[in-house]
Amino acid sequence: MDRKFNTINEYINSIEEINNEKGWLLIDDDNQTNYYFLKEDDNFIIKRNIIKGEVFNDETLKYLNLNEKKLSNNQNEKIIITDSIFKSHNFFETVIYNITSFESENFRENMFFQLVINSKEKSLRLDFIFKNLISISTERYKKALNGITFKINEIPFYLYFVNDYFVIENLEELSFKHFEQYSRITLTCFGLLTGYVPRNEGYYFSYQNNKFENTKEYAYTNNFVNTYDLSYRPIDNNLFYSFMPKGISEDEKTKFKDEAQENLFLISTATFSKLCNLNVTNKKISRATELIMEANQTSIEAQGIIYSVVLEILTSYIAIKNEDKLTPITDKSQAKKLRAELHVVAKKYLSPYDNSPISKKIDSINSPTNMDKLLKPFEFLDIKLNEIDKKIINNRNDFLHGNDFVEGEELLEFFNNHFYINCKLNFLVYALLLKIIGHQGKIVNMVKIYLENDERVKDEEFYRDIGKTVS
């Protein structure tokens with residue numbers, strides 16, 4: 001499958017060439033005011049001369065921007081400023097605006113889009129993570145197995161690496177508002193599973209059809225969070241080579257490979273699609289996904305806290321879906337009768353009774369315990385827990401309440417103990433999320449990868465099985 005990228009390269013290069021000395025002269029057709037489009041400290045700015053009699057005060061500066069301003073270059077090509085904010089002025093000569101996003105005049109009239117992000121620093125072997133790969137080539141490069149396909153709200157998408165770019169595109173008609181929303185969610189979901197996704201700034205191109213040819217319509221934005229780049233990813237069917245014993249025979253290598261890859265499945269199109277769709281439709285899952293990525297790249301002391309929050313979010317999501325299995329008395333009429341009888345007895349000992357702590361506790365007496373809410377979801381999803389897992393899950397309360405519970409008098413000992421708990425929590429939250437989206441089998445066991453020589457993990461495997469798909 002081929003894509004034409006020469007025009008895209010030209011547009012991106014023309015924008016990337018802008019600097020503090022070389023910029024664009026733009027004109028406001030309404031009042032013939034000149035604007036100068038430049039780049040300063042890696043941010044786009046626009047300068048204009050102060051208009052005679054123009055007055056600035058704190059109230060006007062608060063709302064001063066160029067949003068929706070239409071400007072023309074010397075070829076009479078029009079761009080629209082879509083996101084900007086006042087930066088500074090010097091009272092006598094110029095006003096300066098920070099420019100976050102801009103686009104060509106007719107960009108949103110089309111219904112097919114590409115998000116193109118620079119990824120010169122890194123590309124990925126997608127065949128280590130995903131199955132059902134696609135191949136996308138361009139005029140410059142012939143590529144194989146460099147992309148995936150998936151669906152969001154039944155709209156098919158492609159995602160691929162080519163020409164030092166990371167690209168997302170929709171194959172059926174979609175408004176730009178929805179394409180932008182879906183592509184940002186795709187960035188998050190892809191990064192979560194692969195450990196890498198380029199962000200920072202991006203270029204959008206719009207087309208009249210899904211051949212993605214001959215466009216003059218583009219948009220730019222640097223309204224992204226930073227590039228996500230870590231060595232850890234939960235699915236990697238090639239990782240076992242890094243811990244294969246040295247000096248073994250070919251037969252032993254084959255046996256080792258077969259054992260390592262047994263029950264080791266790649267991310268399917270359906271699984272990745274479900275992750276994206278859940279992030280679109282469910283705020284809890286979306287928040288959990290973002291927080292896992294945040295935890296993965298934060299300080300060691302913050303990691304445990306954030307993983308614990310994610311654990312709470314995901315187990316709550318599963319518990320709500322299995323509420324009937326969690327309540328001690330499943331017969332609602334029997335539970336109601338119990339509460340009524342307990343209220344009768346309790347009223348003899350307390351007045352006033354209504355809205356008292358005892359009354360409220362009796363009202364919720366058929367609710368599961370907090371520990372049940374945390375442990376039962378693993379059972380519902382057929383994720384086997386050992387006693388250490390259960391102890392780690394119980395630590396979630398210590399993290400959330402700021403308790404000083406991690407042992408270690410020396411800094412290195414404290415660090416290792418804290419990191420051990422974090423790695424365990426990392427596995428638990430990935431296991432939950434991956435089972436929610438329908439994945440099964442082995443995933444990378446982070447604690448074994450990073451603490452291989454720790455006595456506590458000597459009996460653990462580099463991959464750990466999270467069980468079969470639960471219908």
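Residues numbered from 1 in each chain as written. Predicted model: local features only at pLDDT ≥ 70, side-chain atom pairs only at ≥ 80, totals over all residues. Heavy atoms only, no water.

## A short note on the overall build of the chain
Then step 1. For the chain, the count of helices and strands is 14 helices and 17 strands.
Then step 2. Counting the 471 residues in the chain, one finds 48% classified as buried.
Then step 3. Here the chain has roughly 25,000 Å² of accessible surface; of this, 47% comes from carbon and sulfur atoms.
Then step 4. The positive charge centre, built from 59 side chains, and the negative charge centre, built from 69, are 6 Å apart in the chain. (Helix = DSSP H or I, 4+ residues; strand = E, 2+ residues; numbered from the N terminus. Buried < 20%, exposed > 50% of the residue type's maximum accessible area, 1.4 Å probe, protein only. Areas by Shrake-Rupley, 256 points an atom, 1.4 Å probe, with all protein chains shown as cover. Lys, Arg positive; Asp, Glu negative; His and termini not counted. Charge placed at Lys NZ, Arg CZ, Asp CG, Glu CD.)

## Re the pattern of salt bridges
Then step 1. Using the criterion set out here, one finds 22 salt bridges in the structure.
Then step 2. Of the charged contacts in the structure, one is a salt bridge between Lys78 and Asp29, with a shortest N-O distance of 3.7 Å. One end of the pair, Lys78, is in strand 5 (residues 78-89); the other, Asp29, is in the loop between strand 1 (24-28) and strand 2 (33-40), and 49 residues separate them in sequence.
Then step 3. Relative accessible area serves as the criterion here: at 35%, Asp29 is assigned to the partly exposed category.
Then step 4. Residue Lys70 pairs with Glu105 through a salt bridge whose shortest N-O separation is 3.1 Å. Here the residue Lys70 occupies a position in strand 4 (residues 70-72), and Glu105 occupies one in the loop between strand 6 (94-104) and strand 7 (112-118), the gap between them amounting to 35 residues.
Then step 5. Look at Lys70 and you get partly exposed, because its relative accessible area is 37%. (Salt bridge = Lys/Arg side-chain N within 4 Å of Asp/Glu carboxyl O.)

## Considerations on the packing of helix 12 (residues 387-400) against helix 13 (residues 411-436)
Then step 1. Packing of helix 12 against helix 13 brings their axes to within 10 Å, and their N-to-C directions diverge by 105°. With respect to helix 13, the axis of helix 12 lies roughly perpendicular. Between helix 12 and helix 13, the residues in contact are Ile388, Asp389, Ile392, Ile393, Asn395 and Phe399 and His418, Tyr420, Ile421, Asn422, Lys424, Leu425 and Leu428, respectively. (Axes fitted to C-alpha atoms, helices over the stretch in contact; angles between N-to-C directions. Parallel < 35°, antiparallel > 145°, perpendicular 65-115°, else oblique. Contact = heavy atoms within 4.5 Å.)

## Regarding the packing of aromatic side chains
Then step 1. Per the counting criterion, the structure on display carries 35 aromatic pairs.
Then step 2. Geometrically, the ring pair formed by Phe419 and Tyr450 is edge-to-face, given 6.1 Å between the ring centres and 70° between the ring planes. With Phe419 in helix 13 and Tyr450 in helix 14 (residues 446-450), the pair connects residues that are 31 residues apart, well separated along the chain.
Then step 3. Its guanidinium or amino end placed over the ring of Phe44, Lys39 lies 4.7 Å from that ring's centre, counting from NZ or CZ.
Then step 4. We note Arg456 situated over the ring of Tyr420; from NZ or CZ to the ring centre the distance is 4.2 Å. (Phe/Tyr/Trp six-rings, centres within 6.5 Å; stacked < 30°, edge-to-face > 60°. Lys NZ or Arg CZ within 6 Å of the ring centre and 35° of its normal.)

## Quick look at helix 3 (residues 176-194)
Then step 1. When the terminal C-alpha atoms of helix 3 are compared, their 26 Å separation across 19 residues agrees well with the 27 Å that a helix rising 1.5 Å per residue should span.
Then step 2. Burial analysis of helix 3 places 14 of its 19 residues in the buried class, the great majority of the element.
Then step 3. Gly195 lies just past helix 3 and shows a positive phi near 80°. (Expected span 1.5 Å × (residues − 1).)

## Regarding helix 1 (residues 6-16)
Then step 1. Every buried residue of helix 1 is accounted for by Ile8, Asn9, Ile12 and Ile15. Looking down the long axis of helix 1, one finds its buried residues gathered within 135° of arc, a one-sided arrangement. (Arc of directions from axis to C-beta.)

## Remarks on the side chain of Arg233
Then step 1. Looking at the secondary structure, you find Arg233 in the loop between strand 15 (228-229) and helix 4 (250-261).
Then step 2. By relative accessible area, Arg233 is classed as buried at 19%.
Then step 3. Engagement of the side chain of Arg233 in a polar contact is seen with the side chain of Asp236, the distance being 3.2 Å.
Then step 4. Look past the residues within four positions of Arg233 in its chain and what remains in contact with it is Leu124, Phe128, Ile129, Leu193, Thr194, Gly195 and Val444. (Polar contact = N/O pair within 3.5 Å; in protein donor to acceptor, adjacent residues only side chain to side chain.)

## A short note on the packing of helix 7 (residues 300-321) against helix 12
In helix packing, the relevant descriptors are the interaxial angle and the interaxial distance, both defined with respect to the helix axes.
Then step 1. For the pair helix 7 and helix 12, interaxial distance at closest approach is 9 Å and the crossing angle is 120°. For the element pair helix 7 / helix 12, the angle class is oblique. The crossing of helix 7 and helix 12 is left-handed. Residue-level contacts link Gly304, Ile305, Ser308, Val309, Leu311 and Glu312 of helix 7 to Ile393, Arg396, Phe399 and Leu400 of helix 12.
Then step 2. When the residues that make up the contact of helix 7 with helix 12 are grouped by side-chain class, the tally is six nonpolar, two polar and two charged. (Left-handed = near helix turned anticlockwise from the far one by under 90°. Nonpolar A, V, L, I, M, F, W, Y, C, P; charged D, E, K, R; others polar.)

## Some points on a nonpolar patch on the surface
Then step 1. Residues Ile305, Val309 and Leu400 make up a contiguous nonpolar surface patch of roughly 200 Å² in combined accessible area.
Then step 2. Inspection of the secondary structure puts Val309 in helix 7. (Patch = residues over 30% accessible without salt bridge, like charges linked within 9 Å, V, L, I, M, F, W, Y side chains within 5 Å.)

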